[in-house]
Amino acid sequence: LEAARALAAAAAAHGWAPTRTLEFHGYAAEEVGLRGSAEIAAAYKAKGVDVLAMLNLDLVGYVDGNAGIARDYTDDSLTELMAGVARDVTELEWQDMRCGFACSDHVSWYRQGYATAHPAESGAVSRINPHIHTPRDTIDKLSMTKCAEFARVVVNVIDKLAGGDA
């Protein structure tokens, strides 16, 4: 949501306007088989909706660890763009990672033939937030600074893909 807020602020303050339609989605039932994203991605495919890119922001704020760029279930060109931007606009240490399984909602879109990219809070699946999906998965385990770094990456990638001057 911070990326959407930043883009709206750029539009209001500087007249930034994307040359493409932007959509921000939130999905339900990821943990039980990517149901929400799978249904929406399949519906878009069935309707022939042209989607340039699906940028998946899931698991981006855990305070421990570095940052990762998923290299499976992703589009090579879009992932390279995101990795380059991430290294240019943040101080985080970015590492390539592989989920090895359908680890997040980008997989639903990838399976429908859409280009996807997935930055994550850690360079290894084994180092993601160990409290995820437990009662200990609380906001005090997150770094708002790290979340802002991910938002900065996404805003800059969107600017490159959709035009404007964010």
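Let me sum up the structure you'll find in this document. (Residues numbered from 1 in each chain as written. Predicted model: local features only at pLDDT ≥ 70, side-chain atom pairs only at ≥ 80, totals over all residues. Heavy atoms only, no water.)

## Let's talk about the nonpolar core
Nonpolar side chains in soluble globular proteins tend to end up buried together. Among the nonpolar cores identified, the biggest contains 14 residues, and Ile69, Met82, Ala86, Trp94, Phe150, Val153 and Val157 are the most heavily contacted of them. Among the elements of the structure, strand 2 (67–70), helix 3 (76–89) and helix 5 (144–162) are those that each provide at least two residues to this core. If you tally residues by element for this core, the top one is helix 3, at five residues. Those residues within four positions of methionine 82 in sequence are excluded, and the remaining contacts are Leu55, Ile69, Ala117, Pro119, Val153 and Val157. Of all hydrophobic cores here, the second largest spans eight residues; its members include Leu7, Ala10, Trp16 and Ala162. (Core = buried A, V, L, I, M, F, W, Y, C linked by side-chain atoms within 4.5 Å. Buried < 20%, exposed > 50% of the residue type's maximum accessible area, 1.4 Å probe, protein only. Helix = DSSP H or I, 4+ residues; strand = E, 2+ residues; numbered from the N terminus. Contact = heavy atoms within 4.5 Å.)

## Focus on the pattern of salt bridges
Counted according to the given criterion, the structure contains six salt bridges. Between aspartate 96 and arginine 87 there is a salt bridge; the shortest N-O distance is 4.0 Å. The class for aspartate 96 is partly exposed, based on a relative accessible area of 46%. Judged by relative accessible area, which is 41%, arginine 87 ranks as partly exposed. (Salt bridge = Lys/Arg side-chain N within 4 Å of Asp/Glu carboxyl O.)

## What to know about the state of the cysteines
Enumeration according to the criterion identifies one disulfide in this entry. The residue that forms a disulfide with cysteine 99 is cysteine 103, at a sulfur-sulfur distance of 2.1 Å. For the disulfide bridge between cysteine 99 and cysteine 103, the dihedral angle about the S-S bond is near 50°, and by the sign convention the bridge is right-handed. There is no split in this pair, since cysteine 99 and cysteine 103 are both buried. (Disulfide = S-S within 2.5 Å.)

## Points about the packing of aromatic side chains
Ring pairs (aromatic) are described by centroid distance and by the angle formed between their planes. In this structure the tally under the stated criterion is four aromatic pairs. Positioned above the aromatic ring of tyrosine 114 is the side chain of lysine 45, whose terminal nitrogen or guanidinium carbon lies 5.9 Å from the ring centre. (Phe/Tyr/Trp six-rings, centres within 6.5 Å; stacked < 30°, edge-to-face > 60°. Lys NZ or Arg CZ within 6 Å of the ring centre and 35° of its normal.)

## Quick notes on the pairing of strand 3 (residues 94–97)
Sheet topology note: the strand 2/strand 3 ladder contains four bridges and is parallel. When the bridges of strand 3 are listed, alanine 70 appears paired with methionine 97. Running through helix 3, the crossover from strand 2 to the neighbouring parallel element strand 3 is right-handed. (Pairing = 2+ DSSP bridges. Right-handed = clockwise from strand over helix to strand, strands pointing away.)

## A closer look at the packing of helix 3 against helix 5
Contact pair helix 3 / helix 5: the axes reach a minimum separation of 9 Å and the direction vectors enclose 125°. Relative to helix 5, the element helix 3 is oriented oblique. Here helix 3 and helix 5 pass one another in a crossing that is right-handed. Two secondary-structure elements touch here, helix 3 through Leu78, Leu81, Met82, Val85, Ala86 and Val89 and helix 5 through Glu149, Arg152, Val153, Asn156, Val157, Lys160 and Leu161. Considering only residue class, the contact of helix 3 with helix 5 consists of nine nonpolar, one polar and three charged. (Axes fitted to C-alpha atoms, helices over the stretch in contact; angles between N-to-C directions. Parallel < 35°, antiparallel > 145°, perpendicular 65-115°, else oblique. Left-handed = near helix turned anticlockwise from the far one by under 90°. Nonpolar A, V, L, I, M, F, W, Y, C, P; charged D, E, K, R; others polar.)

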